[in-house]
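The chain contents come next:
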Amino acid sequence: MPTLPDTLCHLNGRTQPLRDAQVSVLDRGFLFGDGVYEAVPVYGRRLFRFDDHMARLERSLSKLRIPNPHDRPGWLSLLRELVDAHPAADQMLYLQVTRGVAPREHVMVQGLEPTVFAMTQSMRPPSAEQRHHGVACVTARDFRWERGDIKSTSLLGNVLARQIAADHGAVETILLRDGWLTEGSSSNVWVVHEGALLGPPRSEHLLEGVRMALMAELCDECGIAHNLRQLSEDDLRTADEVLLTSAGREVLPVTRIDGELVGHGALRGRPGPVYARLYEAYQRAKLDQCT
Ligand SMILES: Cc1ncc(COP(=O)(O)O)c(C=O)c1O
């Protein structure tokens, strides 16, 4: 049994020890995975790109017709209380809203009080070794449902996908739907061709990471061309560089896919120059985009 963290959490208006917090077995989050979540990075006790995370939370809730239990200032004060109580300056905040508690039936029961839960933990960034050498990924068919645009707590497809990577000693599974790149099990995936950063377009097949808009901004700042377009398996396998982005990984270079080295020439199997510039730009953004 892993040891449970000795920290505080927020549950339905009450701050309490995480170990002791309990929800009803009739909570629709428990029975159906009927809820949404966000993971917000915290640097120096301040929330990175808070408004982007709130905007995505609002979109996910409205797609599932779950009322938003708090406005943005309400969320901020609730989350700040947890952040301030945690010993680490850099943290990963997790918040979740489920439809609430009701007798079990599939149809969306109206008028429920949503269940609100939040916790935070120390940030566990990628290791210096992973940044220096890049990481290994595997590919798999994207067998998940077709509403990857909703940041839902129903994550079994993503869990199955991630386990494929774990079983192969890799850090992430890159998913291909009908031969087209969608995303990783818990990250967005980017390729570099001829110096330009390319990612798949926003669609119902993938989650719009908060780092999607951020990458466009950082590319503009660094003078790197960028575009979102359909990317084939061949685009992935012949890329000069492959990158992952997510709240926890920030920007991370992929140097091996299905056992093959990524890239060409002297940079084959090594993190490339586009990664290096975007990583630096990301570190600068962390200093002035926190709330
Ligand atoms: C399926 C999936 N895609 C993409 C992302 C990246 O999103 P973000 O940049 O907001 O962390 C995540 C993050 O956890 C994810 O779970």
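Placed above this text is the structure.
Residues numbered from 1 in each chain as written. Predicted model: local features only at pLDDT ≥ 70, side-chain atom pairs only at ≥ 80, totals over all residues. Heavy atoms only, no water.

This part covers the overall build of the chain. A count of helices and strands for the chain gives eight helices and 15 strands. Its C-alpha atoms give the chain a radius of gyration of 19 Å, near enough to 19 Å, the size a compact globule of 291 residues would have. Reported as C-alpha extents along the three principal axes, the dimensions of the chain are approximately 60 × 40 × 40 Å. Within the chain, the proportion of its 291 residues that are buried is 51%. (Helix = DSSP H or I, 4+ residues; strand = E, 2+ residues; numbered from the N terminus. Rg over C-alpha atoms; globule rule 2.2 N^0.38 Å. Buried < 20%, exposed > 50% of the residue type's maximum accessible area, 1.4 Å probe, protein only.)

Across the five residues that make up strand 9 (residues 180-184), a large majority, four, are buried. The sheet contact formed by strand 8 (residues 172-177) and strand 9 spans three bridges and is antiparallel. Bridge pairing in strand 9 places R177 opposite W180. (Pairing = 2+ DSSP bridges.)

The next subject is the site of the ligand. With respect to spatial proximity, 17 residues lie near the ligand, and among them R56, E183, V210, R211 and A247 are the closest. Take R211: an N or O atom from its side chain is 2.7 Å from an oxygen atom of the ligand. Within the backbone of A247, one N or O atom sits 2.8 Å away from an oxygen atom of the ligand. Burial of the ligand by the protein amounts to 93% of the accessible area it has alone, namely 390 Å². Mapped by element, the contributors of at least two residues to the shell around the ligand are strand 9, helix 6 (210-222) and strand 13 (241-246). Residues belonging to the shell around the ligand are distributed by class as follows: four nonpolar, nine polar and four charged. (Near = heavy atom within 4 Å. Polar contact = N/O pair within 3.5 Å; in protein donor to acceptor, adjacent residues only side chain to side chain. Areas by Shrake-Rupley, 256 points an atom, 1.4 Å probe, with all protein chains shown as cover. Nonpolar A, V, L, I, M, F, W, Y, C, P; charged D, E, K, R; others polar.)

This part covers a nonpolar patch on the surface. On the surface, V25, L26, F30, L31 and V101 cluster together into a nonpolar patch covering about 450 Å² of accessible area. If you trace the backbone, V101 turns up in the loop between strand 5 (91-98) and strand 6 (115-122). Classification of V101 as partly exposed rests on a relative accessible area of 40%. (Patch = residues over 30% accessible without salt bridge, like charges linked within 9 Å, V, L, I, M, F, W, Y side chains within 5 Å. Salt bridge = Lys/Arg side-chain N within 4 Å of Asp/Glu carboxyl O.)

To continue, consider helix 6. Here helix 6 contains 13 residues, and its C-alpha end-to-end distance of 19 Å stays within 8% of the 18 Å for a straight helix at 1.5 Å per residue. For helix 6, the full list of buried residues reads V210, R211, M212, L214, M215, L218, C219 and C222. (Expected span 1.5 Å × (residues − 1).)

Turning to the sheet that holds strand 6, a few remarks are in order. The strand order 2-1-6-5-3-4 describes an open sheet built from six strands, whose pairing is antiparallel. What marks the edges here is a single partner per strand, and that holds for strand 2 (14-17) and strand 4 (46-47). Of the strand pairs in this sheet, strand 5 and strand 6 are connected by eight bridges, and their pairing is antiparallel. Residue pairing in the sheet places L95 in a bridge with A118 of strand 6.

All right, on to the packing of helix 2 (residues 50-63) against helix 3 (residues 72-85) then. Where helix 2 contacts helix 3, the axes come no closer than 11 Å and their chain directions differ by 115°. Regarding helix 2 and helix 3, the two cross each other, and that crossing is right-handed. Between helix 2 and helix 3, the contacting residues are F50, D51, M54, A55, L57 and E58 on the first element and R72, W75, L76 and L79 on the second. (Axes fitted to C-alpha atoms, helices over the stretch in contact; angles between N-to-C directions. Left-handed = near helix turned anticlockwise from the far one by under 90°. Contact = heavy atoms within 4.5 Å.)

What follows deals with the side chain of R131. Along the polypeptide, R131 turns up in helix 4 (residues 128-133). From its side chain, R131 meets the backbone oxygen of R249 in a polar contact 3.1 Å long. Apart from residues no more than four positions distant in its own chain, R131 is found in contact with P126, R249, E250, V251, L252, P253, P271, Y275 and Y279.

Our next topic: the packing of aromatic side chains. Evaluated as defined, the whole model comprises five aromatic pairs. When the centroid spacing of 5.6 Å and the interplanar angle of 50° are considered together, the rings of F48 and Y282 count as tilted. Of this pair, F48 sits in the loop between strand 4 and helix 2 while Y282 sits in helix 8 (residues 273-288); the two residues are 234 residues apart in sequence, bridging distant segments of the chain. Here a set of aromatic residues connected by ring pairs shows up, and it is made of Y37, Y94 and F117. (Phe/Tyr/Trp six-rings, centres within 6.5 Å; stacked < 30°, edge-to-face > 60°.)

The subject of this paragraph is the nonpolar core. Within the largest apolar cluster, 26 residues are counted, with the highest numbers of intra-cluster contacts made by L197, M215, L218, L278 and Y282. Only strand 3 (35-43), strand 10 (188-193), helix 6 and helix 8 provide two or more residues apiece to this core. Domain assignment of the residues forming this core places at least three in each of domain 1 (8-122) and domain 2 (128-288). Membership of the second largest hydrophobic core comes to 22 residues, among which are F50, M54, L76 and L78. (Core = buried A, V, L, I, M, F, W, Y, C linked by side-chain atoms within 4.5 Å. Domains from an automatic or database assignment.)

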